[in-house]
Amino acid sequence: MNSLIHLEIVTPMGMIFKGDVKMVLLPGSEGEFGVLRGHASLLSSLKAGVIDVEKEDSTHELIAIDSGYAEVNEFKVEILAKGAVSINGSDGEIAKNLEQAKELIKSMSSDSVALASTFATIDSKAGIK
């Protein structure tokens, strides 16, 4: 039985991510929520934050978004984001990508508590101490 769900993340600049994944954790406007294959259909607005993608090999890919919408059904998650930055890459790229991600999120939120929480999440998931 296939336990993977198809994920697509699109911005006005083009496709950011496309593939089958185990799970995706999304920054919903009412709080974070996870999606697995077989999830009930829904449409949700997304706030500035981090999308945590668990791939088939159990590795994680982190993608920062500034805002957007997610359409979920039992086989697919489609995300339309205003802007997105992948936080992954080689060691040299990760620091640069982290700064770009933080700037993107900072541009969309004036809530300092939410920003601090999001930055802590980015740093911890990216392995920054």
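No experiment lies behind these values; they were computed from the predicted model shown.

So, on to the nonpolar core. Residues Leu7, Leu26, Ile51, Val77 and Ile79 are the most contacted members of the largest nonpolar core, which totals 20 residues. Contributing elements (two or more residues each) for this core: β1 (5-11), β2 (14-28), β3 (31-35), β5 (49-55), β6 (60-65), β7 (68-72) and β8 (76-81). No other element matches the four residues that β2 contributes to this core. Dropping the residues within four chain positions of it, Val77 is found in contact with Ile5, His6, Leu7, Glu8, Val24, Leu26, Val35, Glu71 and Val72.

Here the protein chain shows a mean pLDDT of 82. Residues at 70 or above account for 67%. Looking over the protein chain, one finds the lowest element-wise mean pLDDT in helix α1 (residues 91-106), namely 61, and the highest in β7, namely 97.

With that out of the way, let us pick up the pairing of β5. Taking burial as the measure, the seven residues of β5 include six buried ones, the bulk of the element. Relative to β5, β2 is paired through four bridges, and the arrangement is antiparallel. Bridge pairing in β5 links Leu25 to Asp52.

This brings us to the pattern of salt bridges. One pass over the structure, following the stated rule, counts three salt bridges. For the salt bridge of Lys76 with Glu8, the shortest nitrogen-to-oxygen distance reads 3.8 Å. Here Lys76, found in strand β8, pairs with Glu8, found in strand β1; they are 68 residues apart in sequence, far enough to count as distant. Accessibility expressed as a relative area gives 26% for Lys76, which makes it partly exposed. A salt bridge links Glu61 to Lys55; the nearest nitrogen and oxygen atoms lie 3.0 Å apart.

Cut-off values and rules
- Residues numbered from 1 in each chain as written.
- Predicted model: local features only at pLDDT ≥ 70, side-chain atom pairs only at ≥ 80, totals over all residues.
- Heavy atoms only, no water.
- Core = buried A, V, L, I, M, F, W, Y, C linked by side-chain atoms within 4.5 Å.
- Buried < 20%, exposed > 50% of the residue type's maximum accessible area, 1.4 Å probe, protein only.
- Helix = DSSP H or I, 4+ residues; strand = E, 2+ residues; numbered from the N terminus.
- Contact = heavy atoms within 4.5 Å.
- pLDDT = per-residue confidence, 0-100.
- Pairing = 2+ DSSP bridges.
- Salt bridge = Lys/Arg side-chain N within 4 Å of Asp/Glu carboxyl O.

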